[in-house]
Amino acid sequence: MDFALSDDQRAIQDAARAFADAELAPHSAKWDEDKHFPVETMKAAAEMGFCGIYTGEEHGGMALGRVESAVIFEELSRGDVAAAAFISIHNMATWMIDRFGSADLRARFVPSLVTMDRIASYCLTEPGSGSDAAALRTTAVRDGDHYVLNGSKAFISGAGTSDVYVVMVRTGGEGPKGISAIVVEAGTPGLSFGAQEKKMGWNAQPTAIVQFDDCRVPVANLLGDEGAGFRYAMAGLDGGRLNIAACSLGGARLALETAQDYVASRKQFGKPIGEFQNTQFQLADMATDLEAARLMVLRGAWAIDTDHPEKTKWCAMAKRLATDACFQIADAALQLHGGYGYLKDYPLERIVRDLRVHRILEGTNEIMRVIVARELSK
């Protein structure tokens, strides 16, 4: 059992870290304050290959594994959690088109997605179906060589800015077997967007409702087979959950490093607070929890790369544990800063705000427990 990264993986890690240090971290606070979506910076990430990490090489992807993806997203999120998280969503949507789309669909969309000349969003959640995703109500009715879409999607990252929307729709009866996936392009008549949501965190990316009103989409844009969309969506989410967990690792690591620096210089009662055993124990627990979370994420990534039969369970375990633990690490780091941690002069309050949503999206952590419990009962 070898826990070391290979030379190639370390080189990828170094490249991602250098990019995050130079292009993300210096702007993170400003992007959050201004609610700026850093598209040009993400295009620069695409030049590094970070927008088609596990997409195939045929249309310009890097064809790397999920272990490499986890390593990359930890480093990117240490620079900026919200921007890294959006890049992870773009990767998931791009991979779904590349993995399940027809040759024509892949040729039309994937090359411009891996370069981020076009931006992709993933559309599953609806106002009335969050955790119960298989109960979605957005319909796609066949009309000649088009599907006519009606319904809406909620909490969609990139809504109104993205160029491509991978949308789960109901083409058949109730339940998951009636769900298909279709690619909708920006500018399609009948496609519109709600107002931008006012969020606690993730301010460096737009979020809004995506609305379909008699939106006509070519049948050629159907992803794979009719009725297979829910399976495609869940396959995307196995990796998406690991990506978000890895983004939690990066945010928590920055929080821990910031706290270590602070307690070494902050003096109370005549000495640095880092010399108090209580502080040392807190840091030790934070570091241990971070390492445990990282190991769980890498195990889940290995399970996808090897197509292990229990990969869905391990991905759910990793997402639940890592996002919970990393939020708690960030919160503990803020607490160690006292009142200063609550100020925007330090990154802690932003990290806490950004990491909080990771326990909700890509399947809430309560749903992760449902998945694990279901797998245990088999």
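Scope of this entry: the structure provided in the associated data block.

What counts, and at which threshold
- Residues numbered from 1 in each chain as written.
- Predicted model: local features only at pLDDT ≥ 70, side-chain atom pairs only at ≥ 80, totals over all residues.
- Heavy atoms only, no water.
- Helix = DSSP H or I, 4+ residues; strand = E, 2+ residues; numbered from the N terminus.
- Rg over C-alpha atoms; globule rule 2.2 N^0.38 Å.
- Areas by Shrake-Rupley, 256 points an atom, 1.4 Å probe, with all protein chains shown as cover.
- Phe/Tyr/Trp six-rings, centres within 6.5 Å; stacked < 30°, edge-to-face > 60°.
- Buried < 20%, exposed > 50% of the residue type's maximum accessible area, 1.4 Å probe, protein only.
- Axes fitted to C-alpha atoms, helices over the stretch in contact; angles between N-to-C directions.
- Parallel < 35°, antiparallel > 145°, perpendicular 65-115°, else oblique.
- Left-handed = near helix turned anticlockwise from the far one by under 90°.
- Contact = heavy atoms within 4.5 Å.
- Nonpolar A, V, L, I, M, F, W, Y, C, P; charged D, E, K, R; others polar.
- Pairing = 2+ DSSP bridges.
- Core = buried A, V, L, I, M, F, W, Y, C linked by side-chain atoms within 4.5 Å.
- Patch = residues over 30% accessible without salt bridge, like charges linked within 9 Å, V, L, I, M, F, W, Y side chains within 5 Å.
- Salt bridge = Lys/Arg side-chain N within 4 Å of Asp/Glu carboxyl O.
- 1 Å grid on protein atoms, 1.4 Å probe; cavity = no way out; pocket = protein on both sides within 12 Å on 5 of 7 lines; lining within 4 Å.
- Points joined across faces, edges and corners; volume = space filled by probe spheres on them.
- Disulfide = S-S within 2.5 Å.

1. So, the overall build of the protein
Now for step 1: Check the secondary structure of the protein and you find 11 helices and 10 strands.
Now for step 2: For the protein, the C-alpha radius of gyration of 21 Å lies close to 21 Å, the compact-globule estimate for 378 residues.
Now for step 3: If you line up the protein on its principal axes, its C-alpha atoms span 80 × 45 × 35 Å.
Now for step 4: Carbon and sulfur atoms provide 52% of the accessible area of the protein, an area that totals close to 16,000 Å².

2. A few points about the packing of aromatic side chains
Now for step 1: Here the structure, examined in full by the defined rule, presents 10 aromatic pairs.
Now for step 2: On the basis of an interplanar angle of 85 degrees and a centroid distance of 6.1 Å, the ring pair of Tyr 262 and Tyr 346 is categorised as edge-to-face. A residue pair is termed long-range when its members are at least 10 positions apart, and Tyr 262 in helix α7 (residues 229-265) and Tyr 346 in the loop between α9 (311-336) and α10 (348-356) qualify at 84 residues.
Now for step 3: Note on Tyr 262: relative accessible area 10%, which makes it buried.
Now for step 4: Residue Tyr 346 is classed as partly exposed on the basis of its relative accessible area of 25%.

3. A few points about the packing of α9 against α10
Now for step 1: Two elements in contact, α9 and α10, have axes separated by 9 Å at closest approach and are oriented at 160 degrees. Here α9 is positioned roughly antiparallel relative to α10, judged by the angle of their axes. Considering the relative orientation of α9 and α10, their crossing is left-handed. Across the interface between the two elements, Cys 326, Phe 327, Ala 330, Asp 331, Ala 333 and Leu 334 of α9 pack against Leu 348, Glu 349, Ile 351, Val 352, Leu 355 and Arg 356 of α10.
Now for step 2: Of the residues belonging to the contact of α9 with α10, the class tally is nine nonpolar, no polar and three charged.

4. Focus on the pairing of strand β3 (residues 146-157)
Now for step 1: Here five bridges tie strand β2 (residues 139-143) to β3, and the two strands are oriented antiparallel to one another. Directly across from Val 141, in β3, lies its bridge partner Val 148.
Now for step 2: Following β2, the chain reverses through two residues before pairing antiparallel with β3; Gly 144 in that reversal takes a positive phi of roughly 65 degrees.
Now for step 3: Where β3 meets strand β7 (residues 207-218), nine bridges bridge the pair, whose relative direction is antiparallel. Its bridge partner being in β7, Leu 149 is matched across the sheet by Cys 215.

5. What about the nonpolar core?
Now for step 1: Counting residues in each nonpolar core, the largest one holds 97 residues, and the members touching the most others are Leu 76, Ile 97, Tyr 122, Met 168, Leu 223 and Val 297.
Now for step 2: With 17 residues, the single largest contributor to this core is α7.
Now for step 3: Residues in contact with Leu 223, not counting those within four places in the same chain, are Met 96, Ile 97, Phe 100, Gly 101, Leu 105, Val 166, Ala 181, Ile 182, Val 183 and Tyr 232.
Now for step 4: Formed by 19 residues, the second largest nonpolar core is a distinct cluster that contains Ala 140, Ile 182, Ala 208 and Val 219.

6. What about a nonpolar patch on the surface?
Now for step 1: A contiguous nonpolar surface patch, about 430 Å² in accessible area, is contributed by Met 1, Phe 3 and Leu 295.
Now for step 2: As for its position among the elements, Met 1 is in the segment before α1 (7-24).
Now for step 3: On the accessibility criterion, Met 1 (92% relative accessible area) is exposed.

7. Observations regarding the layout of surface pockets
Now for step 1: There is about 1,400 Å³ of room inside the largest pocket.
Now for step 2: For the lining of the largest pocket, the leading source of residues is α7, giving six residues.
Now for step 3: Residue classes in the lining of the largest pocket are distributed as 25 nonpolar, 10 polar and 15 charged.
Now for step 4: Volume-wise, the second largest pocket comes out at about 340 Å³.
Now for step 5: Along the walls of the second largest pocket sit Met 1, Asp 2, Phe 3, Ala 4, Leu 5, Gln 9, Val 67, Leu 295, Leu 298, Arg 299 and Trp 302, which together make up its complete lining.
Now for step 6: Residue classes in the lining of the second largest pocket are distributed as eight nonpolar, one polar and two charged.

8. Topic: the packing of helix α4 (residues 66-79) against helix α5 (residues 81-100)
Now for step 1: Their axes nearest at 7 Å, the elements α4 and α5 cross at an angle of 150 degrees. Viewed along their axes, α4 and α5 adopt a mutual orientation that is roughly antiparallel. Residue-level inspection shows Arg 66, Phe 73, Leu 76, Ser 77 and Gly 79 of α4 in contact with α5, the latter providing Val 81, Ala 84, Ile 87, Ser 88, Asn 91 and Trp 95.

9. A short note on the state of the cysteines
Now for step 1: Applying the stated rule across the entire model yields zero disulfides.
Now for step 2: You can see Cys 123 has no disulfide; the closest cysteine sulfur is in Cys 215, sitting 11 Å from it.
Now for step 3: You can call Cys 123 buried: its relative accessible area is 0%.

10. Structural notes on unusual backbone geometry
Now for step 1: The phi dihedral of Phe 269 is positive, around 55 degrees, even though this residue is not glycine.
Now for step 2: Structurally, the position occupied by Phe 269 is in the loop between β9 (267-268) and β10 (271-272).
Now for step 3: According to the relative accessible area criterion, Phe 269 is exposed, its value standing at 80%.
Now for step 4: Notably, Glu 362 is not glycine yet its phi reads approximately 55 degrees, a positive angle.

11. Points about empty space enclosed by the protein
Now for step 1: A full pass over the atoms with the stated rule returns one cavity of 30 Å³ or more.
Now for step 2: There is about 60 Å³ of room inside the largest cavity.
Now for step 3: Along its surface, the largest cavity is lined by Ser 28, Ser 77, Arg 78, Gly 79, Asp 80, Val 81, Leu 254, Arg 350, Ile 351 and Asp 354.
Now for step 4: Looking at the lining of the largest cavity, the elements that each hand over two or more residues are α4 and α10.
Now for step 5: Partitioning the lining of the largest cavity into residue classes produces three nonpolar, three polar and four charged.

Take it as geometry only, folks, not as evidence of what the structure does.
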